[in-house]
Amino acid sequence: MKFESLNIDQKVQRAIQDMKYEHCTPVQEQALPESLEGRDIIAQSQTGTGKTAVFLITAIQRMLESDDKGREIRALILVPTRELAVQVDKQAKELCKYIKYDSLPIYGGVGYEEQEKKLSKGVEIVVATPGRLIDFVKSKKVDLSGVKYFIVDEADRMFDMGFMPDVRFILGKAPHKSKRQTMIFSATLDSRVRRLSEQFMRESVVIEIEPDQITVDKVEQHLFHVSKEEKLPLLLTLLSKEDMPKVIIFTNMKRTAERLCFKLKGNGFNAEAITGDIAQSKRLRIIENLKSGKIPILVATDVAARGIHVDGITHVFNYDVPNAAANYVHRIGRTARAGAKGVAYTIACEDFVEHLPEVEDYIEQKIKVDHIDFELLKDKSGPYRPKPRPTDRSAGGGRGVSGSRPPLRRASSGAKGHDSKPFRAGKTRAGSALGRPSGEKRTGASGTVKKGMSQAERMAHYKKKYGGKKF
Ligand code: AMP
């Protein structure tokens, strides 16, 4: 279905064309005809499906159709994270390019003054995280009595992140459900989300689309079985071999993300890490740098990556097999947004390989086991020492990088990353590639692995157990 066939104002249509949207995505095709008629919508849709455009186009179009004048908040979009607020606001501004409506993101972690100043000038659309919005409501800087379009985005995450009491409070401050259009979007429509909709929505149209499977099918998936000492050399080899303009590397733990980023930088790769405790300003800067292509590699944990929506991710690495099977789908789905294709590499090591069967059950397919020749790393980065927290001391990514698209490696480094010794399974050098102290606790699939086994024996065991026959 084309956007032109929908009853949308010409100025909004023009903006949609400028954004290069031609055909509706499945969620748009199903939801827009209903929502544009003013119906309440509860939609199951994942990030990357085009759900943002559904609620924004609906709110903007219906605002244009209504008689309401005056500058007051008429569309309120609640989102779980600051990044998502920024993204949604950006899309709102793009859609309002040819009309007079303005949008404002409101989120915590930055000063109040600027947001307050913009609020006082009047805006029609507010995209907010709950905490900061409540501050403004309580201090009477925000009046929600004019809200006609109330959207809760990523409702399941709102629950997961403990925001639901805040969301309910805000819903209670807006006009009654009979006097507004309410739309809830969520990756899963579980009982919590349904209960919320029963309480705060009129009779709603339920839209369920894009099961996880579809996202997974659009991604070319590869799996490597290596020991944990070989993970970094394998990663560096893969990064060196292929053209990878935009990469996200997921780790299971924050400290792995930090170490890995250090190691990548030290071996000449242009990477930044996002972890939960970096300052908001730095976080936004890193995401912006990834988006603009200033840095090609982002290292992140699942939690830290929440709410980051970057188009054009070409490759996702699961540096660790995720602990939760659903995270595998969330991770690799970053590459296959709005119809794009992508590649996902999963590196299974003895620490996390035990999660693999659960992942494969979840996606209902066996991931193709791959093998490439790689060499052991001559680590140029030196020993890793965690920085004292807070870690927001170094500058953002992309410094010293020039040209329209920077190379994965820093030009200045000159590091080759590998020595000339070919890789032989079972002949890796002692110690962890990530500089982990040798005595550090190891979790994982050691149940059937006997203590005195050599590494080659252990790897043979894992490959047989988890990797199929072909190596
Ligand atoms: P979302 O699920 O809202 O985060 O959207 C994912 C990405 O898809 C965003 O970057 C949108 O700009 C893009 N997008 C949304 N709708 C369309 C469409 N109909 N055609 C192409 N891209 C789209």
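Use the structure listed above.
Everything numeric here is computed off the predicted structure, so don't read it as measured data. (Residues numbered from 1 in each chain as written. Predicted model: local features only at pLDDT ≥ 70, side-chain atom pairs only at ≥ 80, totals over all residues. Heavy atoms only, no water.)

K.L.:
Which residues make up the overall build of the protein, and what values go with them?
P.N.:
From N to C terminus, the protein includes 16 helices and 15 strands. Counting over 471 residues, the protein shows a buried share of 55%. Look at the contacts in the protein between residues 6 or more apart in sequence, and 78% of them connect residues 24 or more apart. Surface accessibility of the protein: about 20800 Å² in total, with carbon and sulfur atoms responsible for 50%. (Helix = DSSP H or I, 4+ residues; strand = E, 2+ residues; numbered from the N terminus. Buried < 20%, exposed > 50% of the residue type's maximum accessible area, 1.4 Å probe, protein only. Contact = heavy atoms within 4.5 Å. Areas by Shrake-Rupley, 256 points an atom, 1.4 Å probe, with all protein chains shown as cover.)

K.L.:
Which residues make up the sheet that holds strand E6 (residues 181-186), and what values go with them?
P.N.:
Pairing in this open sheet of seven strands is parallel, and the strands run E3-E4-E2-E5-E6-E1-E7 from one edge to the other. Every interior strand has two partners, whereas the edge strands, strand E3 (103-106) and strand E7 (204-208), have only one. Neighbouring strand axes in the sheet, compared pairwise and without regard to direction, differ in orientation by 10 degrees on average. Bridge count for strand E1 (residues 40-44) against E6 is four bridges, and the pairing is parallel. (Pairing = 2+ DSSP bridges. Axes fitted to C-alpha atoms, helices over the stretch in contact; angles between N-to-C directions.)

K.L.:
Please set out the environment of Val-299 residue by residue, giving values where relevant.
P.N.:
Note that Val-299 resides in strand E11 (residues 297-301). With a relative accessible area of 0%, Val-299 lands in the buried category. Considering only alpha carbons, one finds Val-299 and Leu-260, 39 residues apart in sequence, at a separation of 7.6 Å.

K.L.:
Quick one: what's the story with the environment of Ala-460, residue by residue and with numbers?
P.N.:
Summarising the element assignment, Ala-460 is placed in helix H16 (residues 455-466). Once the C-alpha coordinates of Ala-460 and Val-226 are considered, the two residues, 234 residues apart in sequence, prove to be 9.8 Å apart.

K.L.:
Please provide a residue-by-residue account of the site of the ligand, values included.
P.N.:
Around the ligand sit 14 residues in total, of which Tyr-21, Gln-28, Gly-50, Thr-52 and Asp-311 are the nearest. Within the side chain of Tyr-21, one N or O atom sits 2.5 Å away from an oxygen atom of the ligand. A distance of 2.5 Å separates an oxygen atom of the ligand from a polar atom in the side chain of Thr-52. Relative to its unbound accessible area of 490 Å², the ligand is 85% covered by the protein chains. By residue class, the composition of the shell around the ligand is three nonpolar, eight polar and three charged. In terms of domain composition, the shell around the ligand takes at least three residues from each of domain 1 (3-209) and domain 2 (213-380). (Near = heavy atom within 4 Å. Polar contact = N/O pair within 3.5 Å; in protein donor to acceptor, adjacent residues only side chain to side chain. Nonpolar A, V, L, I, M, F, W, Y, C, P; charged D, E, K, R; others polar. Domains from an automatic or database assignment.)

K.L.:
Help me get a handle on the pattern of salt bridges, residues and values and all.
P.N.:
All told, the structure shown has 23 salt bridges when counted by the stated rule. Notably, a salt bridge pairs Glu-124 with Arg-71, separated by 3.0 Å at the nearest N-O pair. Here Glu-124 is found in the loop between helix H5 (113-121) and strand E4 (125-128), whereas its partner Arg-71 is found in the loop between helix H3 (51-65) and strand E2 (75-78), with 53 residues between them in sequence. The class for Glu-124 is buried, based on a relative accessible area of 3%. Residue class for Arg-71 comes out partly exposed when judged on its relative accessible area of 45%. With its nearest N and O atoms 3.5 Å apart, the salt bridge here joins Lys-368 to Asp-370. Linked through salt bridges whose partners overlap, the residues forming this network are Lys-51, Asp-153, Glu-154 and Arg-157. (Salt bridge = Lys/Arg side-chain N within 4 Å of Asp/Glu carboxyl O.)

K.L.:
I'd like a description of the sheet that holds E11, backed by residues and values.
P.N.:
Spatially, the six strands line up as an open sheet ordered E8-E13-E12-E9-E11-E10, and their pairing is parallel. Looking at the sheet topology across the chains shown, the edges are occupied by strand E8 (219-225) and strand E10 (271-274). For this sheet, the mean inter-axis angle between neighbouring strands, taken without regard to orientation, is 20 degrees. The strands touched by helix H11 (residues 228-241) are E8, strand E9 (247-251), E11, strand E12 (315-318) and strand E13 (342-348); relative to E13, the strand with the most contacts, the crossing angle is about 160 degrees. Helix H14 (residues 325-332) contacts E8, E9, E12 and E13 of the sheet and is inclined by roughly 155 degrees relative to E12.

K.L.:
Explain helix H8 (residues 164-173) residue by residue, including any values.
P.N.:
Taken as a whole, H8 has its buried residues at Met-164, Val-167, Ile-170 and Leu-171. End-on view of H8: buried residues confined to an arc of 120 degrees, all on one side of the axis. Away from the buried face of H8 by more than 90 degrees, exposed residues Pro-165 and Gly-172 are located. Check the buried side of H8 and you find it contacts E2, helix H6 (130-138), strand E5 (149-152), helix H7 (155-160) and helix H9 (191-200). (Arc of directions from axis to C-beta.)

K.L.:
Which residues make up the packing of helix H4 (residues 82-95) against helix H13 (residues 280-292), and what are the values?
P.N.:
Closest axis-to-axis distance for the H4/H13 pair is 11 Å, and the angle between their directions is 50 degrees. It follows that H4 is oblique to H13 by the angle criterion. In this structure, H4 meets H13 at a crossing whose hand is right-handed. Touching Arg-82, Glu-83, Val-86 and Gln-87 of H4 are Gln-280, Arg-283, Leu-284, Ile-287 and Lys-291, all from H13. Grouping the constituent residues of the contact of H4 with H13 by class yields three nonpolar, two polar and four charged. (Parallel < 35°, antiparallel > 145°, perpendicular 65-115°, else oblique. Left-handed = near helix turned anticlockwise from the far one by under 90°.)

K.L.:
Tell me about the packing of aromatic side chains, residues and numbers included.
P.N.:
As enumerated under the stated definition, the model contains five aromatic pairs in all. Here Phe-224 and Tyr-345 contribute two aromatic rings whose centre-to-centre distance is 6.0 Å and whose plane-to-plane angle is 40 degrees, an arrangement assigned as tilted. Of the two residues, Phe-224 sits in strand E8 while Tyr-345 sits in strand E13, which places them 121 residues apart along the sequence. Joined through ring pairs, the aromatic side chains of Phe-224, Phe-317 and Tyr-345 make up one cluster. A cation over a ring is seen here: Arg-14 above Tyr-98, with NZ or CZ 3.8 Å from the ring centre. (Phe/Tyr/Trp six-rings, centres within 6.5 Å; stacked < 30°, edge-to-face > 60°. Lys NZ or Arg CZ within 6 Å of the ring centre and 35° of its normal.)

K.L.:
Would you mind going over the pairing of E2 in detail, with residue names and values included?
P.N.:
The two faces of E2 match: Ala-75 and Ile-77 on one face and Leu-76 and Leu-78 on the other face are all buried. With four bridges connecting them, E2 and E5 associate as parallel partners. When the bridges of E5 are listed, Leu-76 appears paired with Phe-150.

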